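The primary structure of each chain is shown beneath.
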Amino acid sequence: MKTRLFLFAFVVTLLVGCGSRRPEAYYDYKTQLIGSELDGSYTLLSWGRARNAADAFQQAQKQAVYDVIFTGVIGNAPNRSLQPLVLEVNAKERHEDYFNAFFADGGPWKEYCSLKEKRIFSTDYARTDTQSLCQTTVCVYRNQLRQRLIQDGIIK
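Residues numbered from 1 in each chain as written. Predicted model: local features only at pLDDT ≥ 70, side-chain atom pairs only at ≥ 80, totals over all residues. Heavy atoms only, no water.

Trainee: Just checking my understanding: could you explain helix α5 (residues 142-151) for this structure?
Mentor: One turn of the α-helix equals 3.6 residues, which is why residues spaced by three or four share an orientation. Those residues of α5 that sit buried are R142, L145 and L149. The buried residues of α5 occupy an angular sector of 60 degrees when the element is viewed end-on, so they sit on one face. As for α5, its buried residues are in contact with β2 (41-50), α2 (53-71), β4 (81-82), α4 (96-102) and β7 (132-141). Looking one or two residues past α5, G153 carries a phi angle of roughly 80 degrees, positive in sign. (Buried < 20%, exposed > 50% of the residue type's maximum accessible area, 1.4 Å probe, protein only. Helix = DSSP H or I, 4+ residues; strand = E, 2+ residues; numbered from the N terminus. Arc of directions from axis to C-beta. Contact = heavy atoms within 4.5 Å.)

Put into structure tokens, the structure is as follows:
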């Protein structure tokens, strides 16, 4: 009985420990535009990295909002991409206090993203020895985010 239990534990440990580390966990991915809605929201495919899966999922959502504001998003078809909302050079450093508070855990960034376009079981996780990678679909309300940045005096 002890031999069977030991063999079962060994096989489970081998399968769980080795099977979850995939090569894509080491690659840096860019946020991609999947689609757009008529209400000014955009569906994005985003990736996040963190120490555990829950934090990586939240980081993927935060990364989608960050990319809409600062870096822009590459489209999945030719001539389909989003320009960044903030075009000012060094805007992140110039308004550092504002963006640190905006992107803090529990900050207002969460109001501008949603999981409404997310399909069940569409989130994918990979991991390395030290971190988890999460790929998920996020809906970002770009027009509302733009209005917020205008209201707060970040963009004109």
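On we go.
Trainee: So what exactly am I meant to see when it comes to the nonpolar core here?
Mentor: Generally speaking, nonpolar side chains in soluble globular proteins are found buried as a group. By size, the foremost hydrophobic cluster in this structure holds 24 residues, and its most contacted members are V65 and I69. When contributions to this core are tallied by element, the ones reaching two or more residues are α2, α4, β7 and α5. Looking at this core element by element, the count peaks at 5 residues for α2. When near neighbours in sequence (up to four residues on either side) are disregarded, V65 contacts F102, F103, W109, Y112, C113, V140 and L145. (Core = buried A, V, L, I, M, F, W, Y, C linked by side-chain atoms within 4.5 Å.)

Trainee: Would you mind showing me how to read the pairing of strand β1 (residues 32-36) here?
Mentor: Successive residues of a regular strand alternate their side chains across the two faces of the sheet. In terms of strand pairing, β1 meets β2 through 4 bridges, oriented antiparallel. Pairing of S36 across the sheet is with Y42, part of β2. Here β1 pairs with strand β3 (residues 73-75) via 2 bridges, running parallel. Residue pairing across strands places Q32 opposite I74, the latter belonging to β3. (Pairing = 2+ DSSP bridges.)

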